[in-house]
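Listed here are the chains, written in short residue letters.
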Amino acid sequence: MSLVFAGITPHPPLLIPTIGKEEIKKIEKTKKAFLQMEKVLYTSHPDVIIVISPHGSYFSDAFTVNVCPEYETDFTEFGDISTKLKFKGDGMLAYKIRRAVFEQNLPLATIGEKNLDHGSGVPLFFLASHLKNISVLQIGFCDLSPKQHVEFGNVLQEVILNSNKRIAVIASGDLSHALTSESPAGFSPNGKIFDIKIQDMLSRQNVSGMLQFTPDFINSAAECGFRSLLILLGILQGINCSYKQLNYENPFGVGYLTSYYEF
C-alpha cells in the first residue's frame, strides 16, 4: 500500500527550541509525543510527506496544493530567523492530485510558495529530522462544506493508493482555542465538548458523526484543525487501520492532540 503513515499533530510554535525556550516545559508531553511519532514515521520509510496545514495561503472557495519545487520553514513571525529547514517538493504528485480533483469537479487552486507556515513547519521540524531525501507536499483546506472536505480526501486517497511512492500524511491542526478563560478565543463550554467528541470520533473513524456537527458548534469551539481532520478521514475511508492516541493536553487553553493510525 502506498499510504504508509497517517498522523495528527498540533503545531504550537513554542515547541521550536529557539521560540519556546523555557516555555517548552509546559508542553513537554506534546514534545514527547512528537518524538514517539517520529520513530513510527521513520520506520514506515516514506518517500513523500503530505502536510495538510490550516495556515498556508487560503482561498475560501477552493482547496490548495503548493507546487513549489523547494520549501523552507519560516518562523520569523515568532521572532526566530535562524531555524530554516529545507525540503524538496513533489511536482508530479501535485500534478496527479490536481488532475484527479478537477475530474471530480472539486475546486482546487495551485500555489507556489517557498516558505512553509508554522502549521507545516512545526510538525516537519520534529517528524522529518532524520528522513533523508524526503519530499514534501503542502495541502490546504477552504470554506467549502465538511462533506466536500471528506470528498477531497477521497480523491487524495485514490491518487495516493495508485502512486508508486511511499506516502505519509500529516493532518496539522489544533483543537479548541476556547477551553479556559485564558484561551486565545476566550472561554466557551463547547470547547471541551468539541475536543472530547473529536477524540472519540477519530478513534472510531466516525466521519458521519463529524459531519453532523453544526456550524455554530464548530465556530464556538474556535478550532483550527477540524477541516484538516475531515480531509484525513476522507483519505482513510475504507482502509483498515487502528487509532493510536499518544497525547492530549491543553496547558494554554488550546487543545493539542498528537495521534496516528496504524496500518
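Not measured: the values here are computed from a predicted model. (Residues numbered from 1 in each chain as written. Predicted model: local features only at pLDDT ≥ 70, side-chain atom pairs only at ≥ 80, totals over all residues. Heavy atoms only, no water.)

## Some thoughts on the overall build of the chain
Scanning the chain for helices and strands turns up nine helices and eleven strands. Here the C-alpha atoms of the chain give a radius of gyration of 17 Å, agreeing with the 18 Å that 2.2 N^0.38 yields for 263 residues. Dimensions of the chain, computed from the C-alpha atoms along their principal axes, are close to 45 × 45 × 35 Å. Within the chain, the proportion of its 263 residues that are buried is 56%. Contacts spanning at least 24 positions in sequence make up 79% of the contacts within the chain whose residues lie at least 6 apart. When the accessible surface of the chain is totalled, it reaches about 11300 Å², and 50% of it is carbon and sulfur. (Helix = DSSP H or I, 4+ residues; strand = E, 2+ residues; numbered from the N terminus. Rg over C-alpha atoms; globule rule 2.2 N^0.38 Å. Buried < 20%, exposed > 50% of the residue type's maximum accessible area, 1.4 Å probe, protein only. Contact = heavy atoms within 4.5 Å. Areas by Shrake-Rupley, 256 points an atom, 1.4 Å probe, with all protein chains shown as cover.)

## Section: the environment of serine 60
Its place among the elements puts serine 60 in the loop between β2 (48-53) and β3 (63-66). With a relative accessible area of 43%, serine 60 lands in the partly exposed category. Between the C-alpha atoms of serine 60 and aspartate 143, which are 83 residues apart in sequence, the distance is 4.8 Å. Those residues within four positions of serine 60 in sequence are excluded, and the remaining contacts are Cys142, Asp143 and Leu144.

## Things to note about the nonpolar core
Side chains of nonpolar character tend, in soluble globular proteins, to be buried together. Ranked by internal contacts, the top residues of the largest apolar core, which has 81 residues, are Ile8, Ile49, Phe152, Val169, Ile198, Leu202 and Tyr261. Considering every element that reaches this core, the biggest residue donor is helix α9 (residues 226-236), with eight residues. Those residues in contact with tyrosine 261, other than ones at most four positions away along the chain, are Ala6, Ile8, Leu202, Gln205, Leu232, Leu233, Leu236, Cys241, Ser242 and Tyr243. (Core = buried A, V, L, I, M, F, W, Y, C linked by side-chain atoms within 4.5 Å.)

## With respect to the packing of aromatic side chains
In total, this model carries eleven aromatic pairs according to the counting rule given. Judged by centre distance (6.4 Å) and plane angle (85°), the ring pair of tyrosine 58 and phenylalanine 141 falls under edge-to-face. Within this pair, whereas tyrosine 58 is found in the loop between β2 and β3, its partner phenylalanine 141 is found in the loop between β8 (135-140) and α5 (146-161), the two being separated by 83 residues in sequence. A ring pair is formed by tyrosine 243 and tyrosine 261, whose centres lie 5.2 Å apart and whose planes are at 55°; its orientation type is tilted. Taken together, the positions of tyrosine 243 in strand β10 (residues 242-249) and tyrosine 261 in strand β11 (residues 256-262) put the pair 18 residues apart, joining distant regions of the chain. With respect to class, tyrosine 243 is no different from tyrosine 261; both count as buried. Following the ring pairs from residue to residue traces out a cluster consisting of Phe194, Phe213, Phe217 and Phe226. (Phe/Tyr/Trp six-rings, centres within 6.5 Å; stacked < 30°, edge-to-face > 60°.)

Limitation: the analysis is restricted to geometry and does not speak to function.
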